[in-house]
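Observations on the three-dimensional arrangement
This is what each chain is made of:
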Amino acid sequence: MSLPLPLAARAAYILRDNSNGVITKAAPALYPHQWSWDAAFNAIGLATVDLPRARVELDSLFAGQWRNGMVPHIVFDPAEDGYWPGPAEWQCARFSEDATSCPPTSGICNPPVHAIAVDKILAAAAAAGGRELEATTGWAARLYPRLLAWHRFLARDRVDRSTGLITLFHGWESGTDNSPRWDVPYANVTVGADLPLYVRRDTAHVSDAGQRPTDEDYDRYLWLAVEARRAGYDAGLLRECGSFAVGDVLFTAIFAAAGDLLAKLARVLRRADDAVELRDYAAQARTAVFCHVDKASGLAADVDLRTGAWLRTQTIAGFAPLIAGGVPGSLRQRLISQLAGPRWAGHPSLRWPLPPSTSPDSPEFKPDCYWRGPAWPVVTWLLCWALGRDGEASVASRFRSAALDQLADGTFAEYYHPMTGAPLGSHHQSWTTAVALDWLLSAQ
Ligand code: 2M8
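As the structure is a prediction and not an experimental result, all values here were calculated from the model.

Calculation rules
Residues numbered from 1 in each chain as written. Predicted model: local features only at pLDDT ≥ 70, side-chain atom pairs only at ≥ 80, totals over all residues. Heavy atoms only, no water. Helix = DSSP H or I, 4+ residues; strand = E, 2+ residues; numbered from the N terminus. Buried < 20%, exposed > 50% of the residue type's maximum accessible area, 1.4 Å probe, protein only. Contact = heavy atoms within 4.5 Å. Pairing = 2+ DSSP bridges. Axes fitted to C-alpha atoms, helices over the stretch in contact; angles between N-to-C directions. Expected span 1.5 Å × (residues − 1). Arc of directions from axis to C-beta. Near = heavy atom within 4 Å. Polar contact = N/O pair within 3.5 Å; in protein donor to acceptor, adjacent residues only side chain to side chain. Areas by Shrake-Rupley, 256 points an atom, 1.4 Å probe, with all protein chains shown as cover. Nonpolar A, V, L, I, M, F, W, Y, C, P; charged D, E, K, R; others polar. Patch = residues over 30% accessible without salt bridge, like charges linked within 9 Å, V, L, I, M, F, W, Y side chains within 5 Å. Salt bridge = Lys/Arg side-chain N within 4 Å of Asp/Glu carboxyl O.

**Here we look at the overall build of the protein**
When helices and strands are counted, the protein shows 18 helices and eight strands. Expressed as lengths along the three principal axes of its C-alpha atoms, the size of the protein is roughly 55 × 50 × 45 Å. Counting over 444 residues, the protein shows a buried share of 62%. Contacts spanning at least 24 positions in sequence make up 71% of the contacts within the protein whose residues lie at least 6 apart.

In structure tokens form, the structure reads like this:
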């Protein structure tokens, strides 16, 4: 393994290289815009080396927030046009009165990790003290109403009444795009004959197109974007007429964890009523996640809201209760032993003892294909963060140390082959550098 400081210096250099000064591209060529949950992780990494830049990252993202509170999954950099589908496909400002036109954005959202990032930035500022602490405290107070509007949007427009889970109208909203989690609901999406012709750009930026979703997947991805546009990006209409609607346990768990931290900020800002409201959202979300733990497997299951069926897949999202926090002790121990056990991070054929995105024992496992098997450092970080929060320091530190071994080649790949350890997807992926910086430089 390399020495920590050279690795941190390299990570910081790449993260800066991916920035245009105000937004960090998710990846230099594959994703040349600002993604919502990537921006939050990137801000966590930036906070270890450059607090002002960390604050700017979130300010730039929230500049794209919609009037209804939604934080869109992409804020486009108008100077870049190397990604498809871009602003011309989404046309949000034309089809929704809620959308901003400047900056242009997509019309769907991503998991709400932002309040976790704000909490980490505040902790870094507290450690720095002095002017940075003052500047960061003032900044958090200014950003707070936008974070509150974001959580209110999710509670109002996206909580599914029957399951309590957050509803997604596109697999891209989950961030785990082609995960086996969504195979069944996607199989029920019938692509319209009027799907526009398109040329994919993503496959040109990876060494093997097999690392990316299939063309059939992409037809469905684009079709759901077309449906969303035709519905004016309105959650009520999509709930009635859209062909894809799922209750996502991982998104819901992140909403719970972030909601607790936002409630903490509300209390610091003496917004007692807001704090109660945010704690309620978090508590309800957490209950919904716990209610969807499958008794036989012990893993949480997403729900296909079109049919009511539980989606019992062996993916990393099954560990959502660990992210949500407040898991009853016996369930927590069961989940941790599974996570570290032979179906997951302890699988005998793995290069490093890290949880893959899909269990190698699952029939859907594909070790080199995107969210169907590879190990994602950003997901490892989220699990480590949640385990550390809940006092599970030793398992968190084992994952952190294995993840740093994984990153020691300096490619900072988007994802890694769990058996060979080969870097896959984009190299110099921003959020991979960001989590490395947090692991190497912030107090764990
Ligand atoms: C991937 O998703 C985008 C679509 O949003 C894509 O494949 O084009 C996902 O891994 C997602 O979680 C991530 O936020 C995004 C940018 O890193 O890339």
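**A closer look at the sheet that holds strand β4 (residues 246-248)**
Hydrogen bonds between backbone atoms are what pair the strands of a sheet, whose relative direction is either parallel or antiparallel. Pairing is antiparallel across the open sheet formed by four strands, whose spatial order is β3-β4-β5-β6. Single-partner strands in this sheet number two, and they are β3 (166-168) and β6 (309-311). With strand direction ignored, the average angle separating the axes of adjacent strands in the sheet is 35 degrees. Sheet analysis places β3 next to β4, joined by three bridges and oriented antiparallel. Residue pairing for β4: Leu168 is matched across the bridge by Val246. Sheet contacts for helix α12 (residues 249-268): β3, β4 and β5 (302-304); angle to β4, the most-contacted strand, approximately 45 degrees.

**Considering helix α15 (residues 329-340)**
Since one α-helical turn is 3.6 residues long, residues separated by three or four positions face the same way. For α15, built from 12 residues, the straight-helix expectation of 16 Å at 1.5 Å per residue is met to within 8% by its first-to-last C-alpha distance of 17 Å. Those residues of α15 that sit buried are Leu331, Arg332, Leu335, Ile336, Gln338 and Leu339. Here the buried residues of α15 occupy an arc of 160 degrees about the axis, which is enough to place them on one side. Of the surrounding secondary structure, the elements contacted by the buried residues of α15 are α14 (320-324), α16 (377-389) and α17 (393-407).

**Describing the site of the ligand**
Inspection of the region around the ligand gives 17 residues, with Asp38, Tyr83, Gly175, Asp177 and Tyr370 positioned closest. The side chain of His73 places a nitrogen or oxygen atom 3.1 Å from an oxygen atom of the ligand. Note that an oxygen atom of the ligand is positioned 2.5 Å from one of the side-chain N or O atoms of Tyr83. Out of a free accessible area of 410 Å², the ligand has 100% covered by protein chains. The class makeup of the residues in the shell around the ligand is 11 nonpolar, three polar and three charged.

**A closer look at a nonpolar patch on the surface**
On the surface, Leu5, Val49 and Leu441 cluster together to form a nonpolar patch covering roughly 270 Å² of accessible area. Assignment of secondary structure puts Val49 in the loop between α2 (36-46) and α3 (51-62). Assessed through its relative accessible area of 45%, Val49 is described here as partly exposed.

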